[in-house]
Number of protein chains: 2
Amino acid sequence: MIQQLALIGCGLMGGSFSLGLQRAGLVKHVVGYSPSLATRQKALVLGVIHTACASVEEACLQSDLILLATPVSAIENALKIISNVMADDAWVMDVGSTKSDIVASARRVMGKRLSQFMPAHPIAGKEKAGVTHADADLYQNRTLILTPLTETPSDLIGQATVLWKTLGSSVHQLTPDAHDQIFATVSHLPHLIAFAAMHAINQQDHAQQLLQMAGPGFKDFSRLAASDPHVWRDIFLANSTHIKQQAQLFQNAMQTWIQMMDQGDGAQLFEAIQKVSQTRSQWQIGAANQDDSN
Amino acid sequence: MIQQLALIGCGLMGGSFSLGLQRAGLVKHVVGYSPSLATRQKALVLGVIHTACASVEEACLQSDLILLATPVSAIENALKIISNVMADDAWVMDVGSTKSDIVASARRVMGKRLSQFMPAHPIAGKEKAGVTHADADLYQNRTLILTPLTETPSDLIGQATVLWKTLGSSVHQLTPDAHDQIFATVSHLPHLIAFAAMHAINQQDHAQQLLQMAGPGFKDFSRLAASDPHVWRDIFLANSTHIKQQAQLFQNAMQTWIQMMDQGDGAQLFEAIQKVSQTRSQWQIGAANQDDSN
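Residues numbered from 1 in each chain as written. Chains lettered and ligands numbered in written order. Predicted model: local features only at pLDDT ≥ 70, side-chain atom pairs only at ≥ 80, totals over all residues. Heavy atoms only, no water.

Novice: Outline the environment of Ala59 of chain A, listing residues and values.
Specialist: On the secondary structure map, Ala59 of chain A appears in helix α3 (residues 56-60). When near neighbours in sequence (up to four residues on either side) are disregarded, Ala59 of chain A contacts Gln4, Ala6, Ile8, Val31, Tyr33 and Cys53 of chain A. (Helix = DSSP H or I, 4+ residues; strand = E, 2+ residues; numbered from the N terminus. Contact = heavy atoms within 4.5 Å.)

Printed below as a string of structure tokens:
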């Protein structure tokens, strides 16, 4: 049982974490801080938090779990403040979409509190962000990645695992680097491609006429291009090395496919399409990853 | 009223055309040919056709409208046969996904019958092909493109327009080249990208582990990669010039985005993402293009 949970960032991710744990009866009291007074008040009204705090410091005092659910670019500064005020038996967990950079931040600023930090990434979200969309079921049937440090004690991993399983997630452990490489491949590069594809259309004359003719296939293909600029600026900056590696592999593949078209070799094209088409048809989103999300 | 409709190719597209026109009471009798006996028999059982024919020739005799709904690569040969047997007051319409190559085929083989040909492309489909999925509503609320030739008489354009409007489609006219350029941009390139992205993952060690972590965003992004190899081999071969041009614009855009990541300029990245994100958020699939399709 968590006596007091502190949300640093009362948005969709933090709010859903709080609502889920409250519903499960695993948390007694929730305090929260967001830079915006309006957000803190909405969080209060929605029951996401019971007490609104005016600063990160105030939220961390007397909290035994601090959930850091801010944009990635705000995490290092927050970890620094948290480390100065957190209790000896408290722990802090983030929910950022990249992990190596956050672990590096933690190593820079947490000092002796490093062993009280659990880096986590829930593969969940909604098209609409913000605390008004917070949902106790957001983490149901989703994947949750923990990327513990060598300094992370196993009982902390155990506590984090229990909480996320209670919220309905399937919990996996990866190194921060393996995490960032995998998500560069299956999430960050697809976003980059969708942004670049929309950019290439936008730059053409008659872009509006082109888009007017686009159908349902284009709709799905381009959905990721509607993603949030704050979130994706931070991810692209934080994980650029892995993303660039994956982009290179993708661009090589594009060249291979364009060559096949150039050569006009129908048999070769057929075989290549059949192979990827089978992979994609047989692929099923993990039981852990259903519905809408990023 | 069409006295006799001939389907050359009794699959999803042709079958849905027949069922829709029958329901609207616009056709009296439907005959059909498919190379596969089993398909012809299924089409009979489903009421898609009333008489199964053993050859293209047989189907065309006494038919006043011949709908050519075969894979693109079979169209030229079929047009040749049809031209030899069709009546003076009959007309033929295709439903192929590319138009310049089909018009060129028609010019090569149709001779004096060229003015009896109406090239058409319904922006419709289903994930599952085949006559068993034929559906009188397939063309409801979809876009239909006609690409008439200079030789096409206006009353033929009028007749085709009436039929497709009856089936629920919104009818647009384009030149064959404009059609192929537009669909290279909003359909063919997105398919190529999805195939190449899946190919790039397939080539990596631990591809299965990567795919296991992929979530709902990847699901939408990669859906087009599950498309049919026959259909897409033909499209890539038929429209390679426009697709390669669009691929080049896309690859240039990828380079621009990778450079932005390299330079680590958050403000520039934010602005670029915001711009495409707004375009995509404001875009709505045409009233003409809803639901599942390619």
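Novice: Run through the relation of the copies chain A and chain B, naming residues and quoting values.
Specialist: Screw-axis analysis of chain A against chain B gives a translation of 0.0 Å along the axis, an RMSD of 0.1 Å, and a rotation angle of 180°. What we have between these two chains is a two-fold relation. Relative to the rotation axis, the closest C-alpha in chain A is found at Phe221 of chain A, a distance of 2.2 Å. Most of the interface of chain A is mirrored in chain B, where 100% of its interface residues again form contacts. (Least-squares fit on C-alpha atoms with pLDDT ≥ 70 in both.)

Novice: Run through the sheet that holds strand β6 (residues 117-122) of chain A, naming residues and quoting values.
Specialist: All names here are of chain A. Taken in spatial order, the 8 strands make up an open sheet running β3-β2-β1-β4-β5-β6-β7-β8, and their pairing is mixed. If you trace the sheet from one side to the other, it starts and ends with β3 (51-52) and β8 (170-173), each paired once. With 6 bridges connecting them, strand β1 (residues 2-8) and strand β2 (residues 27-33) associate as parallel partners. Looking at β2, one finds that Leu5 is bridged to Val30. Along the sheet, helix α1 (residues 12-23) makes contact with β1, β2, β4 (65-68), β5 (91-94) and β6, crossing β1 at roughly 165°. (Pairing = 2+ DSSP bridges. Axes fitted to C-alpha atoms, helices over the stretch in contact; angles between N-to-C directions.)

Novice: Which residues make up the state of the cysteines, and what values go with them?
Specialist: Residues and elements named next belong to chain A. In the structure shown here, the tally under the stated rule is 0 disulfides over all chains. Cysteine Cys60 remains unbridged, with the sulfur of Cys53 as its closest cysteine sulfur at 8.6 Å. When its relative accessible area of 1% is taken as the criterion, Cys60 is described as buried. (Disulfide = S-S within 2.5 Å. Buried < 20%, exposed > 50% of the residue type's maximum accessible area, 1.4 Å probe, protein only.)

Novice: How would you summarise the domain arrangement of chain A if you had to cite specific residues and measurements?
Specialist: All names here are of chain A. Segmenting chain A into domains produces domain 1 (2-174) and domain 2 (178-289). Between domain 1 and domain 2, the C-alpha centre-to-centre distance is 31 Å. Facing 18 residues of domain 1, the contacting portion of domain 2 comprises 15 residues. Across the domain 1 to domain 2 interface the summed buried area is about 1,300 Å²; carbon plus sulfur atoms make up 60%. Our count for the domain 1 to domain 2 interface comes out at 0 salt bridges. (Domains from an automatic or database assignment. Buried area = accessible area lost by both parts, 1.4 Å probe. Salt bridge = Lys/Arg side-chain N within 4 Å of Asp/Glu carboxyl O.)

Novice: Describe the packing of helix α7 (residues 176-202) of chain A against helix α10 (residues 229-238) of chain A, naming the residues involved and giving the relevant values.
Specialist: Residue and element names in this part refer to chain A. The interhelical angle for the contact between α7 and α10, taken along N-to-C directions, is 120°, at an axis separation of 11 Å. In this view, α7 runs oblique relative to α10, as classed from their interaxial angle. Viewed along their axes, α7 and α10 form a crossing whose handedness is left-handed. Residue-level inspection shows Ser187, His188, His191, Leu192 and Phe195 of α7 in contact with α10, the latter providing Trp232, Ile235 and Phe236. For the contact of α7 with α10, a count of residues per class yields 5 nonpolar, 3 polar and no charged. (Parallel < 35°, antiparallel > 145°, perpendicular 65-115°, else oblique. Left-handed = near helix turned anticlockwise from the far one by under 90°. Nonpolar A, V, L, I, M, F, W, Y, C, P; charged D, E, K, R; others polar.)

Novice: Summarise helix α5 (residues 100-109) of chain A; cite the residues concerned and give the values.
Specialist: In an α-helix, one turn spans 3.6 residues, which is why side chains three or four residues apart end up on the same side. Residue and element names in this part refer to chain A. Among the residues of α5, Asp101, Ile102, Val103, Ser105, Ala106 and Val109 are the ones counted as buried. The inward-facing, buried residues of α5 abut α4 (75-85), β5, β6, α7 and α10. Trailing α5 by a residue or two, Gly111 shows a phi angle of about 55°, which is positive.

Novice: Which residues make up the interface of chain A and chain B, and what values do they have?
Specialist: Taken together, the contacts link 83 residues of chain A with 83 residues of chain B. The junction of chain A with chain B conceals about 7,800 Å² of combined surface from both sides, 73% of it contributed by carbon and sulfur atoms. Summed over the three residues of chain A that lose the most area to chain B, namely Met213, Met261 and Arg280 of chain A, the buried surface amounts to 10% of that side. The interface formed by chain A and chain B contains 4 salt bridges. A salt bridge links Asp220 of chain A to Arg223 of chain B, with the nearest nitrogen and oxygen atoms 2.7 Å apart. On the surface where chain A and chain B come into contact, there are 22 residue pairs in polar contact (both at pLDDT 80 or more). Contributing elements (two or more residues each) for the side of chain A that touches chain B: β7 (143-146), α7, α8 (207-213), α9 (216-222), α10, α11 (240-263) and α12 (266-282) of chain A. By residue number, the principal contributor to the side of chain A that touches chain B is α7 of chain A, which donates 16 residues. Of the residues in the side of chain A that touches chain B, the class split is 44 nonpolar, 27 polar and 12 charged. (Polar contact = N/O pair within 3.5 Å; in protein donor to acceptor, adjacent residues only side chain to side chain.)

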